[in-house]
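# Chain and residue survey
Letter by letter, the chains look like this.
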Amino acid sequence: MAASAPVLLRVLSAAYGAAERAGEIIRRIMSEGDLGIVEKNGALDLQTKADRLVQQSIVGYLARHFPALKVIGEEEVEAGGSPELLEGSLSDEILQQTCPEELSKAQENELIVWLDPLDGTKEYTEGLLDHVTVLIGLAYQGKAVAGVINQPFYNYKAGKGAQLGRTVWGVLGIGGFGFHPAAIPGGKCIVVTTRSHSNKLVNDCVDAMMPDKVVRVGGAGNKVLQLIEGQASAYVFASPGTKKWDTCAPEAILHAFGGQLTDMHGNKLEYHPTVKHQNSAGVLAALNDFDLFLNRVPPNVKAALHP
Ligand SMILES: Nc1ncnc2c1ncn2[C@@H]1O[C@H](COP(=O)(O)O)[C@@H](O)[C@H]1OP(=O)(O)O
Ligand SMILES: [Mg+2]
Ligand SMILES: [Mg+2]
Ligand SMILES: [Mg+2]
């Protein structure tokens, strides 16, 4: 590993390779057909063999290379287990970046990794494969500063011969990479929200945005990808359902690309290691016109969701 690059870039570069390998595990488990589904807190909160194996493998890989790094992952899995040896290749593109001065000071033991081994588990079990992502977010001084998103089944509808899967990454002060930026067609207001965790408050808040169109898809990572690729104007989720590992990597990439992700009150999300995991005041994000959407959040939504 290029020991001369700042540790933040070295960790992100390793995370890039690990996320690609994780995507391979997720595709393989799907093709084997036995997902090993268990319910964590009811039928809307599932875990599969892929969630478990990817978390064990990425935690093991990062611990071998960065022993002082703190990793906080979604799944409660045995440290031992039988993780896969994830010797992913490092991303030279990341290692060669010039790190902003503020971030280049970060020490290994000051970085927190927020890991969602498989985001969009419900959709994975239902065969909505392109909703699934692997999220590895890096936080420094309580802020989401860098992230990697692997989308294992990207392109799976493109037919034989199409390259399956992709990895998107970003760092504050450097930018966002690995995706196809685009504008929203016809200047329309398209709201992207949950498909599997709706309720009246979630729907009231979506309606208050006065959308021309509502897109309901799974996964926090998938929804932020829709923002940066011009498929949606705002990600609106007035519910306490997501946790820090759902938002850290997507937020960092969106912010690096010029967008904004906050709770429903417009408060920044915090990522220090002792923070409450739940994003209890919901998630609001947009690449452009963020304040317009924030101003449309209705009073009953604000009153119901406390940070
Ligand atoms: N009520 C909930 N219980 C558990 N996880 C949730 C809940 N709501 C949201 N999430 C997590 O946030 C992600 C985005 O939510 P949604 O798809 O509903 O918009 C989900 O894929 C899930 O992450 P994960 O799949 O990693 O468990
Ligand atoms: Mg989950
Ligand atoms: Mg998730
Ligand atoms: Mg998950």
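What you are looking at is a predicted structure, and each value in this text was computed from that prediction instead of being measured.

## Concerning unusual backbone geometry
The residue M210 is not glycine, and still its phi comes out positive at about 55°. Relative to the elements of secondary structure, M210 occurs in the loop between α6 (200–208) and β10 (213–216). With a phi angle near 55°, D289 is a residue other than glycine that sits in the positive phi range. Secondary-structure assignment places D289 in the loop between β13 (283–286) and α9 (290–295). Owing to a relative accessible area of 53%, D289 belongs among the exposed residues under this scheme.

## Overview of helix α8 (residues 244–256)
For α8, spanning 13 residues, the distance from its first C-alpha to its last is 18 Å, which sits close to the expected 18 Å at 1.5 Å a residue. Along α8, the residues classified as buried are K244, W245, D246, T247, C248, A249, P250, E251, A252, I253, L254 and A256. Just beyond α8, the residue with positive phi is G258, at close to 105°.

## A few points about the pairing of strand β9 (residues 190–193)
Burial along β9 is two-sided: the face carrying I190 and V192 and the face carrying V191 and T193 are both buried. Relative to β10, β9 runs parallel, the two being bridged by 4 bridges. By the bridge assignment, I190 is partnered in β10 with K213. Sheet analysis places β9 next to strand β11 (residues 234–237), joined by 2 bridges and oriented parallel. Of the residues in β11, the one forming a bridge with V192 is Y235.

## Focus on the sheet that holds strand β3 (residues 70–73)
Taken in spatial order, the 6 strands of this open sheet run β3-β4-β5-β6-β7-β8, and their pairing is mixed. The strands lining the two open edges of the sheet, one partner per strand, are β3 and β8 (175–177). Geometrically, the sheet is characterised by an average inter-axis angle of 15° between neighbouring strands, direction not taken into account. Looking at chain direction, β3 and strand β4 (residues 111–119) are connected through 4 bridges and run parallel. By the bridge assignment, G73 is partnered in β4 with L115. Lying over the sheet, helix α2 (residues 49–65) contacts β3, β4 and β5 (133–140), oriented at roughly 155° with respect to β4.

## Describing the packing of helix α1 (residues 7–32) against α2
Relative to each other, α1 and α2 sit at 155°, their axes nearing to 10 Å. Here α1 lies roughly antiparallel to α2, going by the angle between them. You can see that α1 and α2 cross each other, and the crossing is right-handed. Contacts from A14, A18, A22, I25, I26, R28, I29 and E32 in α1 reach K49, A50, L53, V54, S57, I58 and Y61 in α2. Broken down by class, the residue content of the contact of α1 with α2 amounts to 11 nonpolar, 1 polar and 3 charged.

## What about the coordination of the magnesium ion (ligand 3)?
The protein atoms donating to the magnesium ion (ligand 3) are D116 (OD), D119 (OD) and D246 (OD), with metal-donor distances spanning 1.8 to 2.2 Å. Between consecutive donors of the magnesium ion (ligand 3), the numbers of intervening residues give the motif D-x2-D-x126-D. In this structure, the magnesium ion (ligand 3) lies 5.2 Å from the magnesium ion (ligand 2). Among the residues examined, D116 registers a relative accessible area of 0% and is labelled buried. Under the relative-accessibility criterion, D119 is labelled buried at 5%.

## A short note on the pattern of salt bridges
This structure, assessed with the given rule, holds 11 salt bridges. With its nearest N and O atoms 2.7 Å apart, the salt bridge here joins E229 to R166. Placement of E229 in the loop between α7 (220–228) and β11 and of R166 in strand β7 (residues 166–171) is noted, with a sequence separation of 63 residues between them. Residue R166 is classed as buried on the basis of its relative accessible area, which comes to 11%. One continuous salt-bridge network, built from bridges that share partners, spans K122, E123, E126 and R195.

## As for the domain arrangement of the protein
Domain boundaries in the protein define domain 1 (7–177) and domain 2 (185–304). Together domain 1 and domain 2 conceal approximately 2600 Å² of surface at their shared face, both sides included; 67% is due to carbon and sulfur atoms. For domain 1, the biggest contributors to the area lost against domain 2 are W114, H131 and A144; these three give 24% of the whole. Remark: the boundary between domain 1 and domain 2 carries 3 salt bridges. The residue E126 makes a salt bridge to R195 at a minimum N-O spacing of 2.8 Å.

## A closer look at the nonpolar core
If you look at the biggest cluster of nonpolar residues, it comprises 47 residues, and the most contacted ones within it are L8, L12, I26, I58, L111, Y124 and I136. Of all the elements in the fold, those that place two or more residues in this core are α1, α2, β4, β5, β6 (143–151) and β7. Sort the elements by how many residues they give to this core and α1 lands first, with 14 residues. Those residues within four positions of I136 in sequence are excluded, and the remaining contacts are A15, A19, I58, V113, W114, L115, A146, G147, V148 and A249. Ranked by size, the runner-up nonpolar core spans 35 residues in total, among them V215, V217, A232 and L269.

What counts and how
Residues numbered from 1 in each chain as written. Chains lettered and ligands numbered in written order. Predicted model: local features only at pLDDT ≥ 70, side-chain atom pairs only at ≥ 80, totals over all residues. Heavy atoms only, no water. Helix = DSSP H or I, 4+ residues; strand = E, 2+ residues; numbered from the N terminus. Buried < 20%, exposed > 50% of the residue type's maximum accessible area, 1.4 Å probe, protein only. Expected span 1.5 Å × (residues − 1). Pairing = 2+ DSSP bridges. Axes fitted to C-alpha atoms, helices over the stretch in contact; angles between N-to-C directions. Contact = heavy atoms within 4.5 Å. Parallel < 35°, antiparallel > 145°, perpendicular 65-115°, else oblique. Left-handed = near helix turned anticlockwise from the far one by under 90°. Nonpolar A, V, L, I, M, F, W, Y, C, P; charged D, E, K, R; others polar. Donors = N, O, S within 2.8 Å, 3.2 Å for Na, K, Ca; no water. Salt bridge = Lys/Arg side-chain N within 4 Å of Asp/Glu carboxyl O. Domains from an automatic or database assignment. Buried area = accessible area lost by both parts, 1.4 Å probe. Core = buried A, V, L, I, M, F, W, Y, C linked by side-chain atoms within 4.5 Å.

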